[in-house]
Amino acid sequence: MKIFPASKIAEIDSYTIEHEPIESIDLMERASRKLFKRIVKKFPAPRNCKIFVGPGNNGGDGLALARMLAEKNYAVEVFIIKISDCLSKDAEENLQRLKIFKTVDIYEMASVDAMPWLFPDDIVIDAIFGSGLSRPIEGLPLEVIKAINASEAKVIAVDIPSGLMGEDNSKNDYNGIIKADLTLSFQFPKLAFLFPENAQFVGEWEVLPIGLHPDIIEKEQTPYKMLSREFVKSLLMPRKKFDHKGTYGHGLLISGSYGKMGAAILASRAGLRAGMGLLTSHIPRLGYEIMQTAVPEAMVSIDRSDIIFTEFPDLNQFNAVAIGPGIDKKQNSYRAMIELLKESKVPMVIDADAINIIGEHPELKDDLPMGSVFTPHPKEFERLVGKAEDSFTRNKMQREFAKEHSVTLVLKGAYTAIACPEGSVYFNPTGNPGMATAGSGDVLTGIILSLLSQGYSSKVATIIGVYLHGLAGDLAAEKIGMEALTAGDLINYLPKAWLRLKK
Ligand SMILES: NC(=O)C1=CN([C@@H]2O[C@H](COP(=O)(O)OP(=O)(O)OC[C@H]3O[C@@H](n4cnc5c(N)ncnc54)[C@H](OP(=O)(O)O)[C@@H]3O)[C@@H](O)[C@H]2O)[C@@H](O)CC1
Ligand SMILES: Nc1ncnc2c1ncn2[C@@H]1O[C@H](COP(=O)(O)OP(=O)(O)O)[C@@H](O)[C@H]1O
Ligand SMILES: [K+]
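Looking up the protein chain in an unreviewed UniProt entry gives the name Bifunctional NAD(P)H-hydrate repair enzyme, with the organism given as Marinifilum caeruleilacunae. The heading Subunit (unreviewed entry) in the UniProt record of the protein chain holds the text "Homotetramer."

This brings us to the site of ligand 2. The immediate surroundings of ligand 2 are formed by 18 residues, with His-377, Lys-412, Gly-431, Ser-440 and Gly-441 found nearest. Of all the secondary structure elements, the ones that give two or more residues to the shell around ligand 2 are α15 (440-453) and α16 (458-480). Considered class by class, the residues forming the shell around ligand 2 number six nonpolar, ten polar and two charged.

Moving on, we come to unusual backbone geometry. Leave glycine aside and you will find that most residues have negative phi; peptide bonds, for their part, are mostly trans. Going from Glu-20 to Pro-21, the amide bond is cis rather than trans, its omega being -20°. You can see Pro-21 is positioned in the loop between α1 (6-19) and α2 (24-42). At Ala-352, a position not held by glycine, the phi torsion is positive, near 50°. Residue Ala-352 is classed as buried on the basis of its 25 C-beta neighbours within 10 Å.

Each strand in a sheet pairs with its neighbour through backbone hydrogen bonds, running either in the same direction (parallel) or in the opposite one (antiparallel). An order of β4-β3-β2-β5-β6-β7-β8 is seen for the seven strands of this open sheet, with the pairing classed as parallel. The open sheet has two free edges, formed respectively by β4 (105-109) and β8 (204-208), since each of these has just one partner strand. Each strand of the sheet is rotated relative to its neighbour by a mean of 20°, with strand direction disregarded. Bridge count between strand β5 (residues 123-127) and strand β6 (residues 154-158): four bridges; the pairing is parallel.

A few words now on the domain arrangement of the protein chain. For the protein chain, the assigned domains read domain 1 (2-220) and domain 2 (229-502). Listed per partner, the contact involves eight residues of domain 1 and eight residues of domain 2. Broken down by class, the residue content of the side of domain 1 that touches domain 2 amounts to three nonpolar, two polar and three charged.

At a minimum axis distance of 8 Å, the contact between α16 and helix α18 (residues 494-502) shows a crossing angle of 110°. As the angle between them shows, α16 and α18 are arranged roughly perpendicular. Regarding α16 and α18, the two cross each other, and that crossing is right-handed. Residues Leu-468, Leu-471, Ala-472 and Leu-475 of α16 lie in contact with α18, whose contacting residues are Leu-494, Lys-496, Ala-497, Trp-498, Arg-500 and Leu-501. Of the residues that constitute the contact of α16 with α18, the class distribution is eight nonpolar, no polar and two charged.

The next point concerns the UniProt feature "binding site: K(+)" (unreviewed entry) in the protein chain. Following the UniProt record, the feature "binding site: K(+)" (unreviewed entry) maps to Asn-58, Asp-126 and Ser-162 here. The greatest C-alpha distance among the residues just named is 9.3 Å, despite their covering 105 residues of sequence, which places them together in space. With respect to the helices, strands and loops of the structure, Asn-58 is situated in helix α3 (residues 57-71). According to the C-beta neighbour criterion, Asn-58 is buried, with 25 such atoms within 10 Å. Contacts of Asn-58, omitting those with residues within four sequence positions, involve Ala-127, Ile-128, Phe-129, Gly-130, Gly-132, Val-158 and Asp-159. Counting through the fold element by element, Asp-126 comes out in strand β5. Residues within four places of Asp-126 in sequence aside, it is in contact with Phe-52, Val-155, Ile-156, Ala-157, Val-158, Pro-161, Ser-162, Ile-178 and Ala-180.

A few words on the pairing of strand β12 (residues 299-302). When strand β11 (residues 278-283) meets β12, the two strands line up parallel, connected through four bridges. Looking at β12, one finds that Ile-283 is bridged to Ile-302. Running through helix α10 (residues 288-294), the crossover from β11 to the neighbouring parallel element β12 is right-handed.

All right, on to helix α4 (residues 89-99) then. Listed as buried for α4 are Asp-90, Ala-91, Asn-94, Leu-95 and Leu-98. One side of α4 holds all its buried residues, which, seen down the axis, span an arc of 145°. Opposite its buried face, α4 presents the exposed residues Lys-89, Gln-96 and Lys-99, each directed more than 90 degrees away. The secondary structure elements touched by the buried residues of α4 are α2, α3, β3 (75-81) and β4.

The subject of this paragraph is the nonpolar core. What tends to happen in soluble globular proteins is that the nonpolar side chains get buried as a cluster. If you look at the biggest cluster of nonpolar residues, it comprises 153 residues, and the most contacted ones within it are Ile-51, Phe-52, Val-53, Ala-66, Val-78 and Ile-125. With eleven residues, the top contributor of residues to this core is α16. When residues of this core are assigned to domains, at least three map to each of domain 1 (2-220) and domain 2 (229-502). Excluding anything up to four places from it in sequence, Ile-125 contacts Cys-49, Ile-51, Phe-52, Gly-62, Leu-65, Ile-156 and Val-158.

Further remarks concern the environment of Ser-32. Note on placement: Ser-32 falls in helix α2. Through-space distance from the C-alpha of Ser-32 to that of Gly-62 is 7.6 Å; in sequence the pair is 30 residues apart.

Criteria and cut-off values
Residues numbered from 1 in each chain as written. Chains lettered and ligands numbered in written order. Predicted model: local features only at pLDDT ≥ 70, side-chain atom pairs only at ≥ 80, totals over all residues. UniProt positions renumbered as here; feature names shortened; annotations may be inferred. Near = placed C-beta within 6 Å. Helix = DSSP H or I, 4+ residues; strand = E, 2+ residues; numbered from the N terminus. Nonpolar A, V, L, I, M, F, W, Y, C, P; charged D, E, K, R; others polar. Buried ≥ 20, exposed ≤ 12 C-beta atoms within 10 Å, placed from the backbone. Pairing = 2+ DSSP bridges. Axes fitted to C-alpha atoms, helices over the stretch in contact; angles between N-to-C directions. Domains from an automatic or database assignment. Contact = placed C-beta atoms within 7 Å. Parallel < 35°, antiparallel > 145°, perpendicular 65-115°, else oblique. Left-handed = near helix turned anticlockwise from the far one by under 90°. Right-handed = clockwise from strand over helix to strand, strands pointing away. Arc of directions from axis to C-beta. Core = buried A, V, L, I, M, F, W, Y, C linked by C-beta atoms within 7 Å.

Next comes the structure, spelled out in structure tokens:
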């Protein structure tokens with residue numbers, strides 16, 4: 001699913017109006033009807049609804065919704081916040097349509113003194129500002145938003161919480177943003193929903209399809225996309241009758257050190273479960289028996305060091321390389337990294353301490369093999385790319401790094417973001433907080449290595465890998481809950497994740 005910047009949404013809206021064709025007031029009616037249906041389902045009547053309305057079409061949606069709720073036995077009060085002298089044309093039309101309903105009280109709020117008391121079981125509908133917000137909020141609407149946020153009422157935001165910019169909130173005033181329990185977004189999620197600091201405003205969110213014109217959605221370009229099962233499934237290469245293990249590639253995994261052999265085991269097992277033909281696990285000498293016992297399917301290459309990574313085998317036999325899980329970052333490992341980056345001609349996954357080594361030795365960034373995949377969590381990201389004060393800025397830095405170095409740069413976490421060398425960013429909807437547990441990242445590294453070895457491009461291997469990894473986490477959490485989930489469970493649920501993905 002594409003995620004468009006707020007500025008593009010108005011264009012898509014106008015195109016729909018012109019080419020469907022449909023009157024703008026009817027499009028508003030259709031959108032509001034979707035809102036109405038969702039609200040009725042989630043919060044059945046009778047309920048008290050207090051609807052706060054702004055001057056634009058977001059307010060228009062609120063007014064149309066007020067009429068629909070009033071027809072269905074909700075007790076509705078409408079508060080039109082005096083922000084400008086007039087409402088948008090369609091909001092005005094909806095106000096006139098609403099006035100016919102004598103049961104609905106409509107108040108004009110010229111000052112915050114007119115703010116009603118909000119009770120915990122009230123439903124507050126936030127229809128103050130939507131995608132037309134052009135600057136941080138001040139004055140009367142700021143006061144109203146603060147009062148709503150101070151209440152215990154259930155807050156439902158129409159399209160986007162008022163005050164939140166669709167993308168860039170780096171200069172926003174966080175006091176002037178509605179804290180919604182539920183955000184019902186029209187047709188597309190907004191980029192801002194995917195950033196951790198905005199979760200306090202967005203709450204739960206859902207997308208309501210409102211039938212915007214498919215041609216323009218297809219034609220309009222955007223760097224931001226949300227992965228879907230259908231899309232990821234379409235990237236899979238089918239297995240053929242006469243395929244053999246050579247068909248599915250040979251991967252080299254460099255991982256583990258004294259005290260961290262678990263990382264090597266997890267990544268190796270995950271790699272094999274993700275379908276690679278052959279795996280060679282390169283580990284320090286002390287790990288030999290551990291690896292041979294725990295992962296009999298893997299071949300083992302032994303480092304001359306007992307405890308850390310200091311060398312690697314001849315790279316010619318491998319289709320892909322992964323380095324990082326549990327390797328530590330001793331001086332000799334750094335030296336071996338320099339050689340590895342120089343010599344590797346195949347795609348490479350760079351994770352964990354391998355990222356930290358590059359972060360500490362920035363000159364290594366000049367030597368990154370094209371087509372590499374980096375899989376940092378936020379702290380590792382900071383060491384590799386730099387510090388950002390907010391997620392939008394960090395996302396920009398992520399895109400720029402991926403472009404500049406021609407690499408795929410993953411930022412792990414909720415809605416893991418995958419930045420590709422050509423400038424696009426894919427967000428991943430699978431995964432859950434149960435995966436915030438030691439070793440989950442090692443599992444991901446093994447999976448991406450596996451897919452690269454099988455011949456998927458860096459971009460595609462990363463997309464499939466990240467989606468599948470999160471899906472395994474979701475299936476595991478469904479069965480055993482989030483608290484008990486460990487990284488090993490992600491591997492155990494990979495078979496089910498494959499089946500679900502291909503269904
Ligand atoms: N997607 C779709 O196809 C559909 C979209 N629909 C709905 O339309 C919504 C977008 O509507 P919209 O463009 O009228 O913008 P909206 O946010 O209501 O308000 C803009 C007004 O606020 C004002 N204003 C802005 N910032 C301000 C500030 N800080 N402080 C004070 N004022 C400020 C601004 O004034 P100005 O910036 O010009 O001064 C202008 O008057 C969208 O979110 C969805 O709900 C559906 O109805 C149908 C299908
Ligand atoms: N709240 C969450 N929602 C979705 N995925 C998560 C969440 N928390 C962690 N994960 C996933 O778990 C993995 C954790 O990786 P990482 O921090 O590198 O773990 P480790 O270093 O212990 O292996 C990442 O793939 C991340 O996306
Ligand atoms: K809103």
